[in-house]
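# Residue-level structural notes
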Amino acid sequence: MRYEVMSLAGVAALLIAGPAAAEPGQYAGALKKMLSETAAGNCPADLMGDRLLAACKEQLPRMRTALVAEGPIKTMTFATAVGQGEERIETYDVTFTKGTTAKWQIGIFQNRKFQVTYSNG
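Residues numbered from 1 in each chain as written. Predicted model: local features only at pLDDT ≥ 70, side-chain atom pairs only at ≥ 80, totals over all residues. Heavy atoms only, no water.

### Comments concerning the pattern of salt bridges
Considering all chains together, one arrives at four salt bridges under this definition. Two residues, Glu37 and Lys33, come together in a salt bridge whose shortest N-O distance is 3.8 Å. Placement of both Glu37 and Lys33 in helix α2 (residues 28-39) is noted, with a separation of four residues, approximately one turn of the helix. Among the residues examined, Glu37 registers a relative accessible area of 22% and is labelled partly exposed. Using a relative accessible area of 30% as the deciding quantity, one classes Lys33 as partly exposed. (Salt bridge = Lys/Arg side-chain N within 4 Å of Asp/Glu carboxyl O. Helix = DSSP H or I, 4+ residues; strand = E, 2+ residues; numbered from the N terminus. Buried < 20%, exposed > 50% of the residue type's maximum accessible area, 1.4 Å probe, protein only.)

### Points about the packing of aromatic side chains
What the rule picks out here adds up to four aromatic pairs. With 4.7 Å between their ring centres and 55° between their planes, Phe109 and Phe114 make a pair best called tilted. Since its relative accessible area comes to 32%, Phe109 is described here as partly exposed. (Phe/Tyr/Trp six-rings, centres within 6.5 Å; stacked < 30°, edge-to-face > 60°.)

Don't take any of this as a statement about function, it's just geometry.
See the structure below:
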């Protein structure tokens, strides 16, 4: 599942920059709200940049079906972060009540909105 695809060059640049200092996750609340609202059939415009919001709306029927099938979020565990400042991307292990765990990434926080939310799961 994904909302917005980053270029491989962009991801590589963030990985080369290395993980952020041992900071805890800062974006867990925003990610939980995005996933919960998407499961309810809404793309949260207050959190999503224009391209991310457009991608969410385009993928909403498929995303909603997949998220509803997994059930509500049971736990979210911060895994890692790369980049700094506006370029920061955090990764979380999200476990749903049906027992499935997926890695979700959220970041690139510009103009008070997220530009990227992504999962391979």
